[in-house]
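Chain residues, written in single-letter form:
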Amino acid sequence: RFSHDFATCAGSSADLTRGLELCLKPLAGTRLGSDWSGVVSSVRSGSSLADAFRPGERCLPPFYLPVVSAGEQSGRLAEAFHFLESHCNLLAGPSAAIRNLWLFPIVIMLCGSLLRVILYLVLGSFAEAVSMLIQEVFSWRQLLVIVAIVMLTPVRYFFDQVRLSLPLIGPFERKISLHPFFRIMALMYSVGGHRVEEMIRTAAASVSNHAARLELLKAATAIEQQESVPDAFRRVSILSDAEWLTIETGELSGTLESAFEQISEDTGASLTAKIRYIEPLLLRIVMFIVGLSVVSTLLGLMM
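So, here's what we can say about the structure. The structure presented is a predicted model; accordingly, all values stated were derived computationally and were not measured.

Calculation rules
- Residues numbered from 1 in each chain as written.
- Predicted model: local features only at pLDDT ≥ 70, side-chain atom pairs only at ≥ 80, totals over all residues.
- Heavy atoms only, no water.
- Axes fitted to C-alpha atoms, helices over the stretch in contact; angles between N-to-C directions.
- Helix = DSSP H or I, 4+ residues; strand = E, 2+ residues; numbered from the N terminus.
- Parallel < 35°, antiparallel > 145°, perpendicular 65-115°, else oblique.
- Left-handed = near helix turned anticlockwise from the far one by under 90°.
- Contact = heavy atoms within 4.5 Å.
- Nonpolar A, V, L, I, M, F, W, Y, C, P; charged D, E, K, R; others polar.
- Phe/Tyr/Trp six-rings, centres within 6.5 Å; stacked < 30°, edge-to-face > 60°.
- Buried < 20%, exposed > 50% of the residue type's maximum accessible area, 1.4 Å probe, protein only.
- Lys NZ or Arg CZ within 6 Å of the ring centre and 35° of its normal.
- 1 Å grid on protein atoms, 1.4 Å probe; cavity = no way out; pocket = protein on both sides within 12 Å on 5 of 7 lines; lining within 4 Å.
- Points joined across faces, edges and corners; volume = space filled by probe spheres on them.
- Core = buried A, V, L, I, M, F, W, Y, C linked by side-chain atoms within 4.5 Å.
- Arc of directions from axis to C-beta.
- Salt bridge = Lys/Arg side-chain N within 4 Å of Asp/Glu carboxyl O.

1. Description of the packing of helix H10 (residues 169-191) against helix H11 (residues 196-204)
Piece 1. In contact at an axis separation of 8 Å, H10 and H11 are set at 140 degrees when each is read in the N-to-C sense. As far as their axial angle goes, H11 and H10 are oblique. When you trace H10 past H11, the crossing you get is right-handed. Only Met199, Ile200, Thr202, Ala203 and Ala204 of H11 make contact with H10, whose side of the interface consists of Phe181, Ile184, Met185, Met188 and Tyr189.
Piece 2. A class-by-class count of the residues in the contact of H10 with H11 yields nine nonpolar, one polar and no charged.

2. Focus: the packing of aromatic side chains
Piece 1. What the rule picks out here adds up to 15 aromatic pairs.
Piece 2. Note on Phe2 and Phe6: the rings are 5.9 Å apart at their centroids and 5 degrees apart in plane angle, and the pair reads as stacked. With Phe2 and Phe6 both in helix H1 (residues 2-10), this residue pair falls four residues apart, about one helical turn.
Piece 3. Overall, the relative accessible area of 0% leaves Phe6 in the buried class.
Piece 4. Judged by centre distance (5.9 Å) and plane angle (80 degrees), the ring pair of Tyr189 and Phe260 falls under edge-to-face. Of this pair, Tyr189 sits in helix H10 while Phe260 sits in helix H15 (residues 256-302); the two residues are 71 residues apart in sequence, bridging distant segments of the chain.
Piece 5. Every member of this aromatic cluster is reached through a ring pair, and the members are Phe2, Phe6, Trp36, Phe53, Tyr64 and Phe81.
Piece 6. Above the ring of Trp244, the side-chain terminus of Arg234 is found at 4.0 Å from the ring centroid.

3. Brief notes about the packing of H10 against H15
Piece 1. Close contact between H10 and H15 brings their axes to 8 Å; oriented N to C, the two are set at 145 degrees. In this structure, H10 meets H15 at a crossing whose hand is left-handed.
Piece 2. A per-class count over the contact of H10 with H15 returns 14 nonpolar, six polar and six charged.

4. Some thoughts on the layout of surface pockets
Piece 1. Volume-wise, the largest pocket comes out at about 1800 Å³.
Piece 2. Forming the walls of the largest pocket are 46 residues, and the residues nearest its centre are Ile98, Trp102, Arg163, Glu173 and Ile176.
Piece 3. For the lining of the largest pocket, the secondary-structure elements that each account for two or more residues are helix H7 (77-123), helix H8 (126-152), helix H9 (155-165), H10 and H15.
Piece 4. Counting residues per element, the lining of the largest pocket draws most heavily on H7, at 13 residues.
Piece 5. Residues of the lining of the largest pocket, tallied by class, amount to 36 nonpolar, five polar and five charged.
Piece 6. Of the volumes computed, that of the second largest pocket is approximately 340 Å³.

5. A few points about unusual backbone geometry
Piece 1. Notably, Gln226 is not glycine yet its phi reads approximately 70 degrees, a positive angle.
Piece 2. Here Gln226 is to be found in the loop between helix H12 (210-224) and helix H13 (229-234).
Piece 3. We classify Gln226 as exposed; its relative accessible area is 71%.

6. Re the nonpolar core
Piece 1. Residues Phe2, Leu20, Phe53, Phe81, Phe181 and Phe233 are the most contacted members of the largest nonpolar core, which totals 62 residues.
Piece 2. Residues contacting Phe2, with those up to four places away along its chain left out, are Leu20, Cys23, Leu24, Leu27, Trp36, Phe53, Tyr64 and Phe81.
Piece 3. Ranked by size, the runner-up nonpolar core spans 11 residues in total, among them Ile108, Val117, Ala129 and Leu301.

7. Observations regarding H9
Structural remark: α-helix, 3.6 residues per turn; residues separated by three or four positions point the same way.
Piece 1. Taken residue by residue, H9 has Arg156, Asp160, Arg163 and Leu164 as its buried positions. Along the axis of H9, the buried residues cluster in a sector spanning 100 degrees; they form a single face. Counted as exposed and oriented over 90 degrees from the buried face of H9: Phe158 and Ser165.
Piece 2. In this fold, the buried residues of H9 make contact with H8, H10 and H12.

8. A closer look at the environment of Ser206
Piece 1. Tracing the chain through its elements places Ser206 in the loop between H11 and H12.
Piece 2. The class of Ser206 is partly exposed, set by a relative accessible area of 23%.
Piece 3. It is 9.7 Å that separates the C-alpha atoms of Ser206 and Leu178, two residues lying 28 residues apart in sequence.

9. Some remarks on the pattern of salt bridges
Piece 1. Inspection of every chain in the model, using the stated rule, returns 14 salt bridges.
Piece 2. A salt bridge links Arg163 to Glu173; the nearest nitrogen and oxygen atoms lie 2.5 Å apart. On the criterion of sequence distance, the pair formed by Arg163 in helix H9 and Glu173 in helix H10 is long-range, its members being 10 residues apart. Like Glu173, Arg163 is buried.
Piece 3. Through salt bridges with shared partners, a single ionic network connects Arg156, Asp160, Arg163 and Glu173.

Honestly, that's just the spatial picture; any functional story needs more than this.
And the structure:
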């Protein structure tokens, strides 16, 4: 919403600082609005927009500030913010679908844990309900510790590598990584103002799988060694032959932006289709397991 509103202001003859002030008002009360509370005063004192927006970096996608900077340097500020609006919308759908894929099962499992405690409270005794509550809390704490170890230690690289190599999960994980990467590459390539290796590093920052991110960063290293874009991406093992051929064709025809966009759209469409199939199946499996747990608890109490 902010990108859309500010693109309109930047494309008109209105005072840019006043327009910025108006565009920031809907963000009041949000974390991003709090981080951007000093943006207007920074711009008035001569700061660039990219530097003024930097306090909100933790809330922004990794490509946001580089694109703002490129738009300022090239004099295409309105176009840059239109690009940001479009690409944020395009990334939002698959991102929400991936989030729901793990969020809904966790909510179902939490409800199951709560229901088991309530059953002990209604059909058992208060002491048994407290004991069950302690067991459930301990189980969830164990799960959180395992997740923290996997996510916050070097173990994560090996865990991500295993996910990429598994028969069914690997192709799905690969698409999750490639969709945002090439969407951002297409965006930054169309705006211009950055070296290709910088674009690759910025786009790779959006990839959550560490093993996939390191593979994609190999292309940036190859570019720095004076290799062509197709040859650089040839080093990335998670790219299929068809995707590499799309990049090579785009390089030969001078349409790399379209090539990156095509790969992003193809992986995004495939990803969304698979999520639509996997999500209801996963929810049914989780509901069945949680249901069995609740029914066994109920039968145990009744007997």
